[in-house]
Amino acid sequence: MSNAGSSRKTGPGRVLLVDDHLPARESMADVLRRAGHTVDCCSSGAEALAAAARSRYECIVTDMKMPGMSGLELIAELAARGEQAQVVMVTAHATVASAVEAMRHGAFDYIEKPFDVDRFERLVAQAIGHGRYLAGVRQAEGGSREPPAELIGSSPAMQALRARIASVARTPVTVLISGESGTGKELVAAAIHAESERRDRPLVMLNCPALSADLLASELFGHERGAFTGADTARIGRFEAADGGTILLDEVTEIDLPVQAKLLRVLQERCFERVGSNRTLRVDVRVLAATNRDLAAAVAEGRFRHDLYYRLAVVPLQVPPLRERPEDIAALVEHFLVRTARYLNREPCTLSAGTLDLLIEHDWPGNVRELENLITRASVQSDGRPIDADQLRRWLLAAAEPAARKTAEDAELPVGLSLQEMERRLIEATLERFGGHREKTARALGIGVRTLTGKLRQYGYAPREKSYSRAG
């Protein structure tokens, strides 16, 4: 299930090992250190998140089953925080569903205990090489005149988004960028900055959930020497670094209330003090905020200040999920095929019959990021052959199984219902989860499509059909 080719050209990297079992952790660390890698170790997901916030890793190797936070939960949280390290899942509980679910959340690959030492060493090297490949792509695209991948498309939704970006870019107003994970909110922020009068000044981005409240205040506003334990030198904050330019506060809903009060003052008065200082500093910074959650709901629940909400949401901008613009998928797929081929110095892969239709019909819970990972992985593994629809279908259907199980857990099935009524509710909830897609629903429930269709007819249930126009 590897995502990359030979590891021979990949030099040593920095690796974080996460496993609650000390002997396993030490054994894996010895293997990787002998291969020349720099290795840090953690015994829990919480420790790993703190370590990743402090240091930059190229690869994170995590166990699946751990007390507290599981490996899948760790991967999901790392993805939400924008972590760039490639993740390798290690487990003694291997199933196809959990493997693909890990990949859907952004894992590079998956290996089962007990594993061959050479294969483990090779897999970590491949993960590091793949991460360096993606970093090279991002660097190349940074100097490109082409639009970022997440902004590619001619659908009405994307035309409207680009028009909104153009209309707000040259104004000084604060913009709240909302959208699901993987839709490209940070690239929308970069586009706003690039089209603004501040384009020649810094664009500074901060992923808010990656830091505790104390560290976030220091990161935003800076600190003086001796302000807290470990503050050996004075340090400027992100607002000072962005003076004259733009700052993006990513996942702003995760900021704690005390820091929210300080942020409100910066928006109102354009001034602040470093942590441990009484000297007031003034800055000229345009603020952009991004969130994948309902900020108004957070206000109603008392988790977010209403006055700060109104300061941030001067101009709200919604980034559409990929499932609402399926007519853009063909252009995105072509972009990823060509980009991967250019970097690998070979001809772009082609798609076998029916593959594009399969991709268009998928609901893409991970949005453009999920599509990019899928096409990149398939391109690397194709070895010059057309990308096969059946292979992609297996990956996509297997990734849907854990979500179906969660649907069953969340379905309201009160005591006293008949078995038939319980079955009806479960089928309808699963069908809704997969947007009316009968094949995915049947696969998740462990029944045939004909059986599902018969039961739906029996219940008189008419699922909503997707409607869209296909480009080209």
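First things first, this report covers the structure right here in the doc.

### What to know about the sheet that holds strand E1 (residues 14-18)
And then number 1: Taken together, the five strands give an open sheet; going across it, the order is E2-E1-E3-E4-E5, and neighbouring strands pair in parallel fashion. The two strands at the open ends of the sheet, each matched to only one other strand, are strand E2 (38-42) and strand E5 (107-112). Pairwise comparison of adjacent strand axes, ignoring direction, gives a mean angle of 20 degrees for this sheet.
And then number 2: By the bridge criterion, five bridges tie E1 to E2 in an arrangement that is parallel. Within the sheet, the bridge partner assigned to Arg14 lies in E2 and is Thr38.
And then number 3: Those strands touched by helix H2 (residues 45-54) are E1 and E2, and its axis lies near 160 degrees from that of E1.

### Regarding the pattern of salt bridges
And then number 1: Using the criterion set out here, one finds 15 salt bridges in the structure.
And then number 2: Between Arg323 and Glu180 there is a salt bridge, with its nearest N and O atoms 2.5 Å apart. Remark: Glu180 occurs in the loop between strand E6 (175-178) and helix H7 (185-194) and Arg323 occurs in the loop between strand E12 (315-318) and helix H13 (329-344); sequence separation between them is 143 residues.
And then number 3: Arg323 sits in the partly exposed class, given a relative accessible area of 40%.
And then number 4: Of the charged contacts, one joins Asp284 and Arg198 as a salt bridge, the two residues approaching to 2.8 Å between their closest N and O atoms. With Asp284 in the loop between strand E10 (280-282) and strand E11 (286-291) and Arg198 in the loop between H7 and strand E7 (203-207), the pair connects residues that are 86 residues apart, well separated along the chain.
And then number 5: Connected through salt bridges with shared partners, the residues Glu224, Glu240 and Arg274 form a single ionic network.

### Things to note about the packing of H13 against helix H15 (residues 367-382)
And then number 1: Their axes nearest at 9 Å, the elements H13 and H15 cross at an angle of 45 degrees. Relative to H15, H13 is oriented oblique. In the crossing of H13 with H15, the sense of the turn from one axis to the other is right-handed. Contacts between H13 and H15 involve Ile329, Leu332, Val333, Phe336, Leu337, Arg339, Thr340 and Leu344 from the first element and Val368, Leu371, Glu372, Ile375, Thr376, Ser379 and Val380 from the second.

### A look at the pairing of E6
Residues in a regular strand point their side chains to alternate faces of the sheet.
And then number 1: In E6, alternate side chains face the same way, and those of Val175 and Ile177 on one face and Leu176 and Ser178 on the other are all buried.
And then number 2: As judged from the four bridges shared by E6 and E11, these two strands associate in the parallel manner. Within E11, the residue paired with Val175 across the bridge is Leu288.
And then number 3: As paired elements, E6 and E12 share four bridges and run parallel to each other. Within the sheet, the bridge partner assigned to Leu176 lies in E12 and is Pro316.

Rules of the game
- Residues numbered from 1 in each chain as written.
- Predicted model: local features only at pLDDT ≥ 70, side-chain atom pairs only at ≥ 80, totals over all residues.
- Heavy atoms only, no water.
- Pairing = 2+ DSSP bridges.
- Helix = DSSP H or I, 4+ residues; strand = E, 2+ residues; numbered from the N terminus.
- Axes fitted to C-alpha atoms, helices over the stretch in contact; angles between N-to-C directions.
- Contact = heavy atoms within 4.5 Å.
- Salt bridge = Lys/Arg side-chain N within 4 Å of Asp/Glu carboxyl O.
- Buried < 20%, exposed > 50% of the residue type's maximum accessible area, 1.4 Å probe, protein only.
- Parallel < 35°, antiparallel > 145°, perpendicular 65-115°, else oblique.
- Left-handed = near helix turned anticlockwise from the far one by under 90°.

Purely geometric stuff here, so don't read any function into it on its own.
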